Amino acid sequence: MQRSLTGIKPSNAPHLGNYLGAIRPALRLAQEYESFLFIADYHALTSLRDAAKMKAYTYDVAATWLACGLDPRTIHLYRQSDVTEVFELAWVLACLIATGQLERGVSYKDALAKGEAPNAGIFTYPVLMAADIILYDADVVPVGKDQLQHVEVARDVALRFNHVFGGEILHVPEAQITEAPLVPGTDGHKMSKSRDNGIPLFAPPKKLRQVVMKIVTGGDPLEARSEARGSTVWELYRLVASESEVRAMEESLRRPDFGWGHAKQVLYEALEAELGPRRAIYDALRADEAELDIVLQEGAERVRPIARETLRRVRGAVGMRA
Ligand code: TRP
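(A) A look at the pattern of salt bridges. Overall, the coordinates contain 22 salt bridges when judged by the stated rule. Between E289 and R286 there is a salt bridge, with the nearest N and O atoms lying 2.9 Å from each other. The exposure class assigned to R286 is buried, which follows from its relative accessible area of 17%. Of the charged contacts, one joins R313 and E309 as a salt bridge, the two residues approaching to 3.9 Å between their closest N and O atoms. Here the residue R313 and the residue E309 both occupy positions in helix α14 (residues 289–318), the gap between them amounting to four residues, near one helical turn. Take E309: its relative accessible area is 34%, and that puts it in the partly exposed class. Here the residues in one salt-bridge network are E85, E301, R304 and R308, joined through shared partners.

(B) Structural detail: the packing of aromatic side chains. Per the stated rule, a full pass over the model turns up seven aromatic pairs. Ring centres 4.9 Å apart and planes at 85° place the aromatic pair Y42 and F87 in the edge-to-face group. Of this pair, Y42 sits in helix α2 (residues 41–44) while F87 is found in helix α4 (residues 85–94), placing the two residues 45 residues apart along the sequence. In this structure F87 comes out as partly exposed when scored by relative accessible area, which is 33%. Summarising the aromatic geometry, the rings of Y78 and Y136 are spaced 5.5 Å apart at their centres and angled 55° between planes, so their arrangement reads as tilted. Of this pair, Y78 sits in strand β3 (residues 75–79) while Y136 sits in the loop between α8 (125–134) and β4 (140–143); the two residues are 58 residues apart in sequence, bridging distant segments of the chain. Both residues of the pair, Y78 and Y136, count as buried. These aromatic residues form a ring-pair network of at least three members: F36, F38, Y78 and Y136.

(C) Up close: the packing of α4 against α14. Where α4 contacts α14, the axes come no closer than 10 Å and their chain directions differ by 30°. On the basis of their axis angle, the class for α4 and α14 is roughly parallel. In terms of crossing hand, the pair formed by α4 and α14 is left-handed. Where α4 abuts α14, its residues E85, E88, L89 and V92 lie against R304, A307, R308, L311, V314, R315 and V318. Looking at side-chain class alone, the contact of α4 with α14 contains six nonpolar, no polar and five charged residues.

(D) Spatial organisation of the packing of α8 against helix α9 (residues 148–165). Interhelical geometry of α8 versus α9 gives an angle of 65° and a closest axis separation of 8 Å. Classified by the angle their axes make, α8 and α9 are roughly perpendicular. α9 is crossed by α8, and the crossing has right-handed handedness. Along the contact surface, α8 presents Y125, P126, M129, A130, I133 and I134, while α9 presents H150, V151, V153, A154, V157 and A158.

(E) The arrangement of the side chain of S252 in detail. Within the secondary structure layout, S252 lies in helix α12 (residues 243–254). Taking the relative accessible area as the measure of exposure, S252 reaches 14% and is therefore buried. Polar side-chain contacts of S252 include one of 2.9 Å to the backbone oxygen of A248.

(F) Broad picture of the environment of F123. Note that F123 resides in helix α7 (residues 120–123). As a C-alpha pair, F123 and K109 span 14 residues in sequence and 9.1 Å in three-dimensional space. Once residues within four sequence positions are removed from consideration, F123 is found in contact with T99, L102, E103 and Y108.

(G) Examining unusual backbone geometry more closely. Although it is not a glycine, D137 adopts a positive phi angle of roughly 50°. In this fold, D137 is placed in the loop between α8 and β4. According to the relative accessible area criterion, D137 is buried, its value standing at 18%.

(H) Fine view of empty space enclosed by the protein. A complete count under the given rule lists three cavities of 30 Å³ or more for this structure. When its volume is computed, the largest cavity comes out at roughly 80 Å³. Looking at the largest cavity, the residues that line it are S4, L5, T6, A26, L29, A30, S35, F36, L37 and P142. Every element with two or more residues in the lining of the largest cavity is listed here: β1 (3–8), α1 (16–30) and β2 (34–39). Classifying every residue of the lining of the largest cavity by side-chain character gives seven nonpolar, three polar and no charged.

(I) Representation of a nonpolar patch on the surface within the structure. Judged by side-chain polarity, Y42, L45 and F87 come together as a nonpolar surface patch covering roughly 250 Å² of accessible area. The exposure class assigned to Y42 is partly exposed, which follows from its relative accessible area of 35%.

(J) Broad picture of the site of the ligand. The immediate surroundings of the ligand are formed by 14 residues, with G7, H43, Y125, D132 and Q147 found nearest. Separating a nitrogen atom of the ligand from a side-chain N or O atom of D132 is a distance of 2.8 Å. Q147 has a polar side-chain atom sitting 2.9 Å from a nitrogen atom of the ligand. Contact with the protein chains hides 89% of the accessible area of the ligand, taken as 370 Å² for the molecule alone. Each residue belonging to the shell around the ligand can be placed in one class, and the counts come to eight nonpolar, four polar and two charged.

So, how was this worked out
- Residues numbered from 1 in each chain as written.
- Predicted model: local features only at pLDDT ≥ 70, side-chain atom pairs only at ≥ 80, totals over all residues.
- Heavy atoms only, no water.
- Salt bridge = Lys/Arg side-chain N within 4 Å of Asp/Glu carboxyl O.
- Buried < 20%, exposed > 50% of the residue type's maximum accessible area, 1.4 Å probe, protein only.
- Helix = DSSP H or I, 4+ residues; strand = E, 2+ residues; numbered from the N terminus.
- Phe/Tyr/Trp six-rings, centres within 6.5 Å; stacked < 30°, edge-to-face > 60°.
- Axes fitted to C-alpha atoms, helices over the stretch in contact; angles between N-to-C directions.
- Parallel < 35°, antiparallel > 145°, perpendicular 65-115°, else oblique.
- Left-handed = near helix turned anticlockwise from the far one by under 90°.
- Contact = heavy atoms within 4.5 Å.
- Nonpolar A, V, L, I, M, F, W, Y, C, P; charged D, E, K, R; others polar.
- Polar contact = N/O pair within 3.5 Å; in protein donor to acceptor, adjacent residues only side chain to side chain.
- 1 Å grid on protein atoms, 1.4 Å probe; cavity = no way out; pocket = protein on both sides within 12 Å on 5 of 7 lines; lining within 4 Å.
- Points joined across faces, edges and corners; volume = space filled by probe spheres on them.
- Patch = residues over 30% accessible without salt bridge, like charges linked within 9 Å, V, L, I, M, F, W, Y side chains within 5 Å.
- Areas by Shrake-Rupley, 256 points an atom, 1.4 Å probe, with all protein chains shown as cover.
- Near = heavy atom within 4 Å.

See the structure below:
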């Protein structure tokens, strides 16, 4: 079975956009691979300097994925910082990556363009990410387009390592661009933490309803025929309802007695049907951080032998005691 691997930066509590756009598609894809899913806490450290938040987001992410159906017996779920072997590989790879390639990194260039003074962690971000991937002989790395360049660095350095040290020592990974649906936020723009237009994933039902009711709509008078297609409510509904349910909403909105308020209520009910059962699991998991630690550590212990074996090959190849 081929191996797929992906990291999630714990930089926020997951919202509905993360669930519909990333988590749900990733869990579907995971059925076809031996999957490695880890919390990239050391990557988050490049910008997050708040221990309480680091911990909270890490547990938020772990509990969210578990509540959304990740079975830790079939998917390797672990914390990046629990497998410190990754740093040994990162150093070896750093010695084979030209600084010029890192200087062309989009995140690094963006930071410079914004007039920021990026730290060395941001500069070497792709090195650690390459180590994350190569350490586990990953075949495919499902990522969004924004991460493509990083996976290219991992490919390049694996190929270079094999060329320089002679042989098929490192497995060369391939990016797999995920076709994540675009999930609009309450203002109609892509749902994102920075825009503050998010729909919380596991807020209590009352709060969820409140946020759904705030979704921006055309504001047609009730009697007018409202066009469902293309509206934010419709875009979101499509992601949680069946085709016939979506068509029913389109029809209803053409009626004089059914307006956006009604449509939002229908959307809220569909979201609640999808999220309600998961929320209950999430709340129970999130309340027990010690248990989450156990799950994450068990995950780390299961993948560590793979990491050690890769390092054994690498150390031998470069002339260290293997
Ligand atoms: N850089 C990725 C992001 O910001 C997270 C990440 C870290 C990752 N290491 C990885 C993704 C390895 C895929 C493979 O989303």
